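Take a look at the letters that make up each chain.
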Amino acid sequence: MDLKDLYRDVILDHNKRPRNFGTLDPADSRADGHNPLCGDRLTVTVRMDGDRIDDIRFEGKGCAISTASASLMTEAVKGKDVASIARLRDMVQHALTEHDYEVPGELGKLAALAGVREFPARVKCATLCWHTLDAALGAGAATVSTE
Ligand code: ZN
């Protein structure tokens, strides 16, 4: 399966049936994200076990890319510690923006997001959830904007 097919299939699937959609209550932390360029809005809630994400949900309204990206992210980060999540986030960032970046196998389904390279205007749709997660994990403000 080439990258374009993978992109289309995975994005369509996760947009239609978002995983981990909803809100955790109670949650250890939450953050809101907004991408004014496209109008995407997300809320991420997390429950921690030490420095590991025990559970995560996202909710919001956005385009197919922002929804699918958030859905893929929640699947990828559940059970991982903060350091591993930061590594994943950096790999996703490279995959989204660098044409000659060789997408590492450990990205798994997140590799599909590399298809967004073809649409530079949509990169912020795909990174919104990661910025919002960063904020929820305490690396930034509790409300983030991609602007
Ligand atoms: Zn968008």
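Please refer to the structure higher up on the page.
Residues numbered from 1 in each chain as written. Predicted model: local features only at pLDDT ≥ 70, side-chain atom pairs only at ≥ 80, totals over all residues. Heavy atoms only, no water.

Considerations on the packing of aromatic side chains
Note on aromatic pairs: each is described by the distance of the centres and the angle between the planes.
Then, in step 1: Enumeration over the complete set of coordinates arrives at two aromatic pairs.
Then, in step 2: Look at Tyr7 and Phe119: their rings are 6.0 Å apart centre to centre, the planes differ by 25°, and that puts the pair in the stacked class. Residue Tyr7 is found in helix H1 (residues 3–16), and its partner Phe119 is found in the loop between helix H3 (82–97) and helix H4 (123–136); the two are separated by 112 residues along the sequence.
Then, in step 3: Residue classification places Tyr7 among the buried residues on the basis of a relative accessible area of 14%.
Then, in step 4: Between Phe21 and Phe58, the ring centres sit 5.2 Å apart and the planes meet at 85°, which makes this aromatic pair edge-to-face. Highlighted residues: Phe21 in the loop between H1 and strand E1 (29–35) and Phe58 in strand E3 (residues 52–61), separated in sequence by 37 residues.
Then, in step 5: Owing to a relative accessible area of 1%, Phe58 belongs among the buried residues under this scheme. (Phe/Tyr/Trp six-rings, centres within 6.5 Å; stacked < 30°, edge-to-face > 60°. Helix = DSSP H or I, 4+ residues; strand = E, 2+ residues; numbered from the N terminus. Buried < 20%, exposed > 50% of the residue type's maximum accessible area, 1.4 Å probe, protein only.)

Here's the deal with the packing of helix H2 (residues 64–77) against H4
Then, in step 1: Relative orientation of the contacting elements H2 and H4 amounts to 45°, with a least axis distance of 7 Å. In terms of their interaxial angle, H2 and H4 are classed as oblique. For the pair H2 and H4, the sense of crossing is right-handed. When H2 is examined against H4, the residues Ile65, Ser66, Ser69, Ala70, Met73 and Val77 are found in contact with a partner set consisting of Cys125, Ala126, Cys129, Trp130 and Leu133.
Then, in step 2: Across the contact of H2 with H4, the residue classes break down as nine nonpolar, two polar and no charged. (Axes fitted to C-alpha atoms, helices over the stretch in contact; angles between N-to-C directions. Parallel < 35°, antiparallel > 145°, perpendicular 65-115°, else oblique. Left-handed = near helix turned anticlockwise from the far one by under 90°. Contact = heavy atoms within 4.5 Å. Nonpolar A, V, L, I, M, F, W, Y, C, P; charged D, E, K, R; others polar.)

Digging into H3
Then, in step 1: Compared with the 22 Å implied by 1.5 Å per residue over 16 residues, the 23 Å span of H3 between its first and last C-alpha is a close match.
Then, in step 2: Ile85, Leu88, Met91, Val92, Ala95 and Leu96 are the residues of H3 that are buried. One side of H3 holds all its buried residues, which, seen down the axis, span an arc of 135°. (Expected span 1.5 Å × (residues − 1). Arc of directions from axis to C-beta.)

A closer look at the pairing of strand E2 (residues 40–49)
Then, in step 1: The pairing of E1 with E2 spans seven bridges and is antiparallel. Bridge pairing in E2 places Arg30 opposite Thr45.
Then, in step 2: As defined by bridge partners, E2 adjoins E3 across nine bridges and the pair is classed as antiparallel. The partner of Arg47 across the bridge, within E3, is Asp55.
Then, in step 3: Where E2 folds back onto E3 in an antiparallel hairpin, the turn is made up of two residues, including Gly50, whose phi is positive at roughly 65°. (Pairing = 2+ DSSP bridges.)

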